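# Topology and contacts: notes
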Amino acid sequence: MKLLISFSNRLMQRYMPDPFLLVILLTFFVCGLALLATDSTPVEIVNYWGTGFWSLLTFSMQMVLILVTGHVMASSPLFKKLLGSLAKLPKTPGQAIILVTLVALVACWINWGFGLIIGALFAKEIAIKVKGVDYRLLIASAYSGFIIWSGGLSGSVVLTIATPGHFTENIMGVVPTSETIFSSFNFIILAGLFLLVPIINRLMVPPSEKAFVIDPALLEEKESLEAASKEETIQTPADRLENSQLLSILIGLLGISYLVYYFTKNGFTLNLDIVNFLFLFIGIILHKTPRLFLKAVTDAVKNASGIIIQFPFYAGLMGIVTSSGLVAVLSNMLISFSNEHTFHLFTLWSAGLVNFFVPSGGGQWAVQGPVMLEAAQNLGVSLSKTAMAVAWGDAWTNMIQPFYALPALAIAGLKAKDIMGYGLVMMIITGVFISGVFLLL
């Protein structure tokens, strides 16, 4: 295990480029692959790339907001106190790694956006409280919880096929969640990962002399927002409005009122918009005044640059692989080796491969789902299990796909290569487990 971790970390530290450079390299690679594997011309490929470049603007803004609103909420005095109290529970680096992993797993099962932010913020708080804990492994452990998102309550594929009118309804009908995320098959995978992922992270804890320990003073706020506000003199009517607790309470209550209405009507159904809405208005209330809230937003926005500039390039990648038919070529190549016993295993692997080029779970299902469902029909195998194979394939290889790691990395102040060595080990071991489940059950 130590040799594998050492090799993986050296590999990623040496060869893993910045995520922005990675997506540029992936762009050139996919362009070349599309030229070789499809009948698309160079002009057509350039057109596919440019046409798709802005197709993820809504999703990009949602991701920026999940980072900003989550950071704002967690930087409030009350929330920092709660996280700080929880962070006092572990007494050793090993206990800290296990606790962060479990919190991230539970949070990502509830909602992946919530889990990404809470996991990273909690890891950062623990790094302040627990002496000697490896900071890079701590953040990697927080991100490792993301591996279960597709099998959780906010999984894109399962929620899509459970919605009447979805684009594959003519093939598989409306598939209830009892056949996907609440199936015994999915619970076996989840139970295994809830046991396996913390153990793997714990085994990766380095000896104390080799731990990457960060100075807690670098992570703590030099000056609390509340203390800073007290130094400001309120002179004008505008100043009084900016420091009005009443305004924050009123607009906060309006937001909470809508959430009560939404949950009453829809049950505990979370999506990115609702999570962002929840974080936003809780943040407004917890920061007490508009001035404090805006100050927290200003601090949080500084971490969003990676998301803003990189997601359009991934959208361009999606445009190429979708419009050129490259996804179908890659998927058909893998499933051509399969039969009714191995089909779901090869579907899992093909989805894991496609995830590097189409990192959006919903986007991947849109381009790969129809191909896999048609093949499943021809072989007479379960369509719902096919959908789950695509979902888990997407989640599994996210461990070394920096697309979704960007919010956690921004909060932590780390680079992708700092945590992807641990992610590679996690991907290999959990991949063996998940593959075994799809092959044997």
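Residues numbered from 1 in each chain as written. Predicted model: local features only at pLDDT ≥ 70, side-chain atom pairs only at ≥ 80, totals over all residues. Heavy atoms only, no water.

- Going by the annotation in an unreviewed UniProt entry, the name recorded for the protein chain is Short-chain fatty acid transporter, with Fictibacillus nanhaiensis given as the source organism.

## Points about the overall build of the protein chain
- Along its length, the protein chain carries 24 helices and zero strands.
- A compact globule built from 441 residues would reach a C-alpha radius of gyration of about 22 Å, and the protein chain, at 23 Å, matches this within 12%.
- Here the C-alpha coordinates of the protein chain stretch approximately 75 × 50 × 45 Å along the principal axes.
- Burial statistics for the protein chain: of 441 residues in total, 54% are counted as buried. (Helix = DSSP H or I, 4+ residues; strand = E, 2+ residues; numbered from the N terminus. Rg over C-alpha atoms; globule rule 2.2 N^0.38 Å. Buried < 20%, exposed > 50% of the residue type's maximum accessible area, 1.4 Å probe, protein only.)

## A look at the side chain of Ser 360
- One can find Ser 360 in the loop between helix 20 (343-354) and helix 21 (361-379).
- A relative accessible area of 11% means that Ser 360 is categorised as buried.

## Description of the confidence of the model for the protein chain
- On average, the protein chain scores 90 in pLDDT, and the residues at 70 or more come to 97%.
- Considering only residues more than four positions removed or in separate chains, one finds that residues 223-229, a stretch of pLDDT under 50, has twelve contacts. (pLDDT = per-residue confidence, 0-100. Contact = heavy atoms within 4.5 Å.)

## So, the side chain of Thr 168
- Secondary-structure assignment places Thr 168 in the loop between helix 9 (156-161) and helix 10 (169-172).
- When near neighbours in sequence (up to four residues on either side) are disregarded, Thr 168 contacts Ile 161, Gly 173, Trp 365, Pro 370 and Leu 373.

## Observations concerning the packing of helix 4 (residues 57-74) against helix 17 (residues 290-301)
- Where helix 4 meets helix 17, the closest approach of the two axes is 9 Å, and the angle between their N-to-C directions is 130 degrees. Here helix 4 is positioned oblique relative to helix 17, judged by the angle of their axes. Every pair of crossing elements has a handedness; the one defined by helix 4 and helix 17 is right-handed. Mapping the contact onto sequence places Val 68, His 71 and Val 72 in helix 4 and Phe 293, Ala 296, Val 297, Ala 300 and Val 301 in helix 17. (Axes fitted to C-alpha atoms, helices over the stretch in contact; angles between N-to-C directions. Parallel < 35°, antiparallel > 145°, perpendicular 65-115°, else oblique. Left-handed = near helix turned anticlockwise from the far one by under 90°.)

## Structural notes on the packing of helix 11 (residues 184-203) against helix 22 (residues 383-396)
- Contact geometry for helix 11 and helix 22: axes closest at 11 Å, N-to-C directions at 25 degrees. Between helix 11 and helix 22, the angle is such that the two are roughly parallel. When helix 11 is examined against helix 22, the residues Phe 185, Asn 186, Ile 189, Leu 190 and Leu 193 are found in contact with a partner set consisting of Lys 385, Met 388 and Trp 392.
- For the contact of helix 11 with helix 22, a count of residues per class yields six nonpolar, one polar and one charged. (Nonpolar A, V, L, I, M, F, W, Y, C, P; charged D, E, K, R; others polar.)

## Some remarks on the environment of Leu 241
- Along the chain, the position of Leu 241 falls in helix 14 (residues 237-242).
- According to the relative accessible area criterion, Leu 241 is exposed, its value standing at 52%.
- Discounting chain neighbours no more than four positions away, the residues touching Leu 241 are Leu 247 and Pro 290.

## Some details on the pattern of salt bridges
- Per the counting criterion, the structure on display carries four salt bridges.
- The salt bridge involving Glu 125 is made with Lys 129; its shortest N-O contact spans 2.9 Å. Of this pair, Glu 125 and Lys 129 both sit in helix 7 (residues 112-129), four residues apart, roughly one helical turn.
- A residue is classified by how much of its surface remains accessible, and Lys 129, at 34% relative accessible area, is partly exposed.
- A salt bridge links Arg 291 to Glu 242; the nearest nitrogen and oxygen atoms lie 2.3 Å apart. With Arg 291 in helix 17 and Glu 242 in helix 14, the pair connects residues that are 49 residues apart, well separated along the chain.
- Among the charged side chains, a network of salt bridges with common partners joins Asp 239, Glu 242 and Arg 291. (Salt bridge = Lys/Arg side-chain N within 4 Å of Asp/Glu carboxyl O.)

## Brief notes about unusual backbone geometry
- For Lys 288, which is not glycine, the phi torsion reads 75 degrees and is therefore positive.
- Mapped onto the secondary structure, Lys 288 falls in the loop between helix 16 (272-286) and helix 17.
- Given the relative accessible area of 36%, Lys 288 is considered partly exposed.

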